[in-house]
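Spelled out from the first residue to the last, the chains are:
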Amino acid sequence: MSGAVVTAGLRSQWTRHAAGPAGRVLRILLSVALTFLGLTIVTFVIGRVVPIDPVLAIVGDHASAETYARVRAEIGLDLPIYDQYWRYLVGVLHGNFGNSVLTSRPVLQDLLHVFPATIELSLLALVIGVALGIPLGVIAAANRGRPLDHVIRFASLLGYSMPVFWLGLVGLLAFYAKLGWVAGPGRLDVAFADLVPQVTGLITVDALLDGDMDVFWNALQHLVLPSSILGYLSLAYVARMTRSFMLGQLQQEYVLAARAKGLSRWRVVWVHALGNVWVQLITVIALTFGGLLEGAVLTETVFAWPGLGLYMKNSLFNADLNAVLGGTMLVGVVYIGLNLLSDLLYPLVDPRARGRT
Amino acid sequence: MAKHRNIAAMAAALAFAGWAPLHAATPANTLVMAKQIDDMITMDPGEAYELTGEEVLTNVYDRIIRFESATSSKMVGGVAESWSVGDDGKTFTFKIRAGQKFQDGTPLTAEDCAFSLQRVILLDKTPAFLFTQLGWTKDNVRDLVKATDSMTLQITTPVKFAPTLVESLMSANVASVVEKKAAMEHEEKGDLGNGWLKTNSAASGPFRLVSWKPNESVTLEAYAGYREGAPTLRRVVIQHVPEPSSQLLLVQKGDVDIARDLQPDQLASLEGDKAVKVATFPGSDTWYAGMNMAFEPFKNVKVREAMKYLIDYDGMANSFLHGRFFVHQGFLPHGFMGALDENPYHLDVAKAKQLLAEGGYPNGFEVRMDSWNGAAMNSIVQSMQQTMAQAGVKMQIVPSDLKQVITIYRGRKHQMAALSWGPDYFDPHTNADTFARNTDNSDNASTKPLAWRNNWLIPEISKETAAAAQEPDATKREAMYKDLQKKVLDEGPFLIMFQPYNQVAERNEVKNFAVGIFADLTYYRNVSK
């Protein structure tokens, strides 16, 4: 019995080794392709059952029946759905995601325009969330049951349960309207718009590259509030997860052993215990980032932030299928990418993951 | 390397630069507006049919002729300085002003005008129906619309129409004059430049399109060579701010000059604000509910009439709609030629009960109401639900997104549907053509006017509608429309209730901004601050 298990284990390890890096790449590609296919099918079907007529988004309510029929045929809606899907798939395989009916531009071009806005927002939010969330989680865990723990848990619970829409408005009211510490909705003041050439699409970075400090400051003033609010939300999540991971570690015997050996409490908590939860944390951080990228619709609405969330929402409401599919696939790619990235990071933080492929 | 060192130096400098909020008022020569602009899908005047798009195009393109101002129904010359109607009543000759130039410096000729009108038909986009109703088709438009010399445009309609109707169409957005040379230089696959003009402009109006970033902003710059002189302001920037609460904060803070989409409670909160004022302009939409006559009870005219007595028009207008809507039951908006301003219906439950009994429904009936899920409409249908219940009409409200309701409505899948209708141009025919015309009630009818959508087959009334469109005598024509409105009021499947006001919040320093009775009458040219 046990012999069979061992051989099976060995064999699977052997196949993994034999396949080597090439096999790994192949496996990844296969999973990426399958994920894509699944994404396109699901989005396509959802796009078709949405009770909105996509032709309406283009021609409006007043157009004549002839115009309506012509446009309907133009975007291929008169074809059977599998045929429409096939055409779409072939287009995508040729790198053509189609045009958005709402912006009259290729979807890919739209995405390249809106995605950086979201990345800029999310990156700063993630930095805030991680830089504060992890220490807070660790502190809470190390002070389990004490007042400090309660304060941190309460604060993160608050961030977790507060509607982001409301938080955004209150934030604007306080820090923009009343105190005047930050700039209002939008990515830049009108006076600073279009002053620096677009390189990365992240205005702060583009401004630095161009050496235009006025634009940089203005962009940062616009950025700081929405990303702090998103950052607070991710902080809440990261802190709660860190706390629970840490609690798991702090109950382990090695912690007691390390303390018995005379290591300082500080060292045991921040080096030994925290060191053991990094793998889990990386997954949490990656997921948080993914969530930030796709889930900022409400924040983007309140802050008039022309990012991916707003673009997707608008496309959905108008049944702009190419745009919705393109956006969904972008989010899909990002998730796959983040998963790969965290896979690659595991060996860096966990020696046990090294040498495994 | 040097660049990197610069960045490092800058980063160091940053640490000491401090956090000095830079934002001040908007630049003095720039008008900044916060508006929801996500309806905009094209900048081609031969294609655009969305409110924001039309408003922007109004200020970028000049037209054959124009209405004098946002509220006036007086027609004045646009690129044409004068025009005349031939004795046959079918030929219109426009004399083009000399010395006009497009924004790129190319002289404007009658050839550009003819091209612009022709391409609306040839492109066959949404607004094409405005011109096809004149009898223009892809086959005949090149003959019926032509430049007889470089400064004379001649258009002919196969049948006679009321001159005021043709003039209204020549002042609509589709009559924007596009530069032929620029459009054709960018033509692809016979699209007459449509692909390029979706995001660019070839115009002679008061403002030049600098950029349109979808869901982000529209930037316009004054064109000094405009025939009436340069606009007062150098730039106009329309920022897409989807959330009205954010618009409110922006205008209060002075980061925008005008906020266009504020909710009533937000407008009310501005009372007493020393820096911001609320301005009110009449709109031209018709807020109504359609009753589908395929639904058994509505086949009976008595039942339809009863429904008209089960709405608390004044109650609503005097309470939650106060200041934003007024009662208007004729299908022509107040302000239009021939508009019927008497409102014969009011809440009268006893009378409605009697009519319901005569119609065979003494105990009422149950009905589903598909309603556009907007704040004002929600309140309206809730009030209707309550008053209708008093006569036993149990209304089940199904609120949905606007596009969803329209989809249901166009498919005639509703029992009742609450919506609004906007006129297409400033002539009574626009609404008559949809509320009072349906000669083919089959599912694949070539046009699907509102009467069709509610299964109201009216060959006789349709004839009167057609006759009114052709009546050359203005007084007679007006009387014909009054009569049509009465007929629709008496028998029609429409519960026409309200006409809205447009309200905007603007900074005190903003002068001369007026929202037109419809989108293509909103002019930025004279705005100053």
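Given the structure is predicted, the values throughout are model-derived calculations rather than measurements.

S.K.: Even after reading the chapter, I still don't get the overall build of chain A, so can you show me in this structure?
M.R.: Each helix and strand in chain A was counted, giving 14 helices and zero strands. Sequence-ordered secondary structure for chain A, helices as α and strands as β, is α-α-α-α-α-α-α-α-α-α-α-α-α-α. A principal-axis box enclosing the C-alpha atoms of chain A has dimensions of 85 × 65 × 40 Å. In chain A, buried positions account for 48% of the 357 residues.

S.K.: I'm lost on the nonpolar core in this one. Help?
M.R.: When a protein is soluble and globular, its nonpolar side chains tend to lie buried together. In this structure, I64, F131, L153, M384 and M416 of chain B are the most contacted members of the largest nonpolar core, which totals 150 residues. Tallying contributions element by element places helix α3 (residues 110–123) of chain B first for this core, with nine residues. Mapped onto the domain boundaries, this core takes at least three residues apiece from domain 1 (39–204 + 511–521) and domain 2 (286–501) of chain B. Each residue touching F131 of chain B, except ones within four places of it in the same chain, is listed here: L117, V120, I121, W136, L169, M170, V174 and A175 of chain B. Ranked by size, the runner-up nonpolar core spans 76 residues in total, among them V164, V238, L274 and L308 of chain A.

S.K.: Looking at this model, I keep getting lost on the layout of surface pockets. Mind explaining?
M.R.: Using a probe with the size of a water molecule, rolled over the atoms, empty space left in the structure can be pinpointed. Counted as a void, the second largest pocket has a volume near 1300 Å³. Around the second largest pocket sit 35 residues that line it, and E74, I75, N99, V101 and N322 of chain A are the ones nearest its centre. Elements supplying a minimum of two residues to the lining of the second largest pocket: α1 (2–49), α2 (54–59), α3 (65–74), α4 (81–93) and α14 (321–349) of chain A together with α8 (194–197) of chain B. Top element by residues in the lining of the second largest pocket is α4 of chain A. It accounts for four residues. Of the residues belonging to the lining of the second largest pocket, the class tally is 14 nonpolar, 11 polar and 10 charged.

S.K.: Would you explain the confidence of the model for chain B in this entry?
M.R.: Low-confidence regions, as indicated by low pLDDT, have predicted coordinates that should not be scrutinised in detail. The share of residues in chain B with pLDDT of 70 or more is 95%, and the mean pLDDT across the chain is 91. Listed scores for the predicted complex are pTM 0.85 and ipTM 0.81.

S.K.: Help me understand empty space enclosed by the protein, please; the structure alone is not making it clear to me.
M.R.: All names here are of chain B. Applying the stated criterion to the full structure yields six cavities of 30 Å³ or more. Empty space within the largest cavity amounts to approximately 50 Å³. Forming the boundary of the largest cavity are R63, F67, S168, S171, A172, D424, Y425, F426, F518, D520 and L521. Classifying every residue of the lining of the largest cavity gives six nonpolar, two polar and three charged. Mapped onto the domain boundaries, the lining of the largest cavity takes at least three residues apiece from domain 1 (39–204 + 511–521) and domain 2 (286–501).

S.K.: Help me understand the packing of helix α7 (residues 164–178) of chain A against helix α9 (residues 213–250) of chain A in this model?
M.R.: The geometry of a pair of packed helices is captured by two quantities: the angle between their axes and the separation between those axes. Residue and element names in this part refer to chain A. Between α7 and α9, the least distance of the axes is 10 Å, while the angle of their chain directions is 140°. In terms of their interaxial angle, α7 and α9 are classed as oblique. The element α7 and its partner α9 pack so that their crossing is right-handed. Facing α7, whose interface residues are V164, L167, G168, G171, L172 and F175, α9 presents L225, I229, Y232 and L233. For the contact of α7 with α9, the residue count by class is eight nonpolar, two polar and no charged.

S.K.: How should I be thinking about the domain arrangement of chain A in this particular structure?
M.R.: Residue and element names in this part refer to chain A. Each assigned domain of chain A is listed here: domain 1 (23–93) and domain 2 (107–353). The C-alpha centroid of domain 2 is placed 32 Å from the C-alpha centroid of domain 1. Contacts between domain 1 and domain 2 engage 16 residues on the former and 17 residues on the latter. Counting each side, the surface lost to burial between domain 1 and domain 2 is near 1400 Å², with a carbon and sulfur contribution of 81%.

S.K.: Which parts of the structure should I look at to understand the pattern of salt bridges?
M.R.: Should the charged atoms of two oppositely charged side chains come close, the side chains can pair. Overall, the coordinates contain 31 salt bridges over all chains when judged by the stated rule. Across the pair K213 of chain B and D194 of chain A runs a salt bridge whose closest N-O atoms are separated by 2.7 Å. With K213 of chain B in strand β8 (residues 207–213) and D194 of chain A in the loop between α7 and α8 (203–210), this residue pair bridges two chains. Residue class for D194 of chain A comes out exposed when judged on its relative accessible area of 51%. Connected through shared salt-bridge partners, D62, R66, R227, E228 and R525 of chain B make up one network.

S.K.: Honestly, the interface of chain B and chain A in this entry has me stumped. Any pointers?
M.R.: Interfaces are often sized by the accessible area lost when the parts come together. Taken together, the contact between chain B and chain A spans 58 residues of the former and 62 residues of the latter. For the pairing of chain B and chain A, the buried interface totals around 5000 Å² over both sides, and the portion due to carbon and sulfur atoms is 58%. Between the two partners, chain B and chain A, sit two salt bridges. At the boundary of chain B with chain A, the tally comes to 13 residue pairs in polar contact (both at pLDDT 80 or more). At the level of elements, α1 (2–17), β1 (30–35), β8, β10 (235–240), α9 (244–253) and α15 (402–410) of chain B are the ones that each hand at least two residues to the side of chain B that touches chain A.

S.K.: How do you make sense of the domain arrangement of chain B when you look at a structure like this?
M.R.: Residue and element names in this part refer to chain B. Per the domain assignment, the segments making up chain B are domain 1 (39–204 + 511–521) and domain 2 (286–501). Of note, the centres of domain 1 and domain 2, computed from C-alpha atoms alone, are 32 Å apart. The partner domain 2 presents 15 residues to the 20 residues of domain 1 that form the contact. For the pairing of domain 1 and domain 2, the buried interface totals around 1400 Å² over both sides, and the portion due to carbon and sulfur atoms is 66%. Of all residues in domain 1, L165, I517 and F518 bury the most surface against domain 2, accounting for 31% of the area lost on that side.

S.K.: For this particular structure, what's the right way to read the packing of aromatic side chains?
M.R.: Applying the stated criterion across every chain, the model contains 24 aromatic pairs over all chains. For the pair W456 of chain B and F494 of chain B, a centre-to-centre distance of 6.2 Å together with 85° between the ring planes defines the contact as edge-to-face. Of this pair, W456 of chain B sits in the loop between α17 (450–453) and α18 (459–470) while F494 of chain B sits in strand β18 (residues 494–507), and the two are 38 residues apart along the sequence. Grouping residues by exposure puts W456 of chain B and F494 of chain B together as buried. Taken together, the ring pairs in this structure connect Y288, F331, F435, W456 and F494 of chain B into an aromatic cluster. The ring of Y176 of chain A carries the charged tip of K253 of chain B above its face, separated from the ring centre by 5.8 Å. Sitting above the plane of the W452 of chain B ring, R412 of chain B keeps its charged end 3.7 Å from the centroid.

S.K.: What is the right way to look at the side chain of Q415 of chain B in this model?
M.R.: All names here are of chain B. For Q415, the position within the fold is in the loop between α15 and β17 (416–421). A distance of 2.7 Å separates a polar side-chain atom of Q415 from the backbone nitrogen of R368. In this structure Q415 touches G290, M291, N292, F295, F298, V367 and R368, once residues within four positions along its chain are discounted.

Scoring rules and cut-offs
Residues numbered from 1 in each chain as written. Chains lettered and ligands numbered in written order. Predicted model: local features only at pLDDT ≥ 70, side-chain atom pairs only at ≥ 80, totals over all residues. Heavy atoms only, no water. Helix = DSSP H or I, 4+ residues; strand = E, 2+ residues; numbered from the N terminus. Buried < 20%, exposed > 50% of the residue type's maximum accessible area, 1.4 Å probe, protein only. Core = buried A, V, L, I, M, F, W, Y, C linked by side-chain atoms within 4.5 Å. Domains from an automatic or database assignment. Contact = heavy atoms within 4.5 Å. 1 Å grid on protein atoms, 1.4 Å probe; cavity = no way out; pocket = protein on both sides within 12 Å on 5 of 7 lines; lining within 4 Å. Points joined across faces, edges and corners; volume = space filled by probe spheres on them. Nonpolar A, V, L, I, M, F, W, Y, C, P; charged D, E, K, R; others polar. pLDDT = per-residue confidence, 0-100. Axes fitted to C-alpha atoms, helices over the stretch in contact; angles between N-to-C directions. Parallel < 35°, antiparallel > 145°, perpendicular 65-115°, else oblique. Left-handed = near helix turned anticlockwise from the far one by under 90°. Buried area = accessible area lost by both parts, 1.4 Å probe. Salt bridge = Lys/Arg side-chain N within 4 Å of Asp/Glu carboxyl O. Polar contact = N/O pair within 3.5 Å; in protein donor to acceptor, adjacent residues only side chain to side chain. Phe/Tyr/Trp six-rings, centres within 6.5 Å; stacked < 30°, edge-to-face > 60°. Lys NZ or Arg CZ within 6 Å of the ring centre and 35° of its normal.

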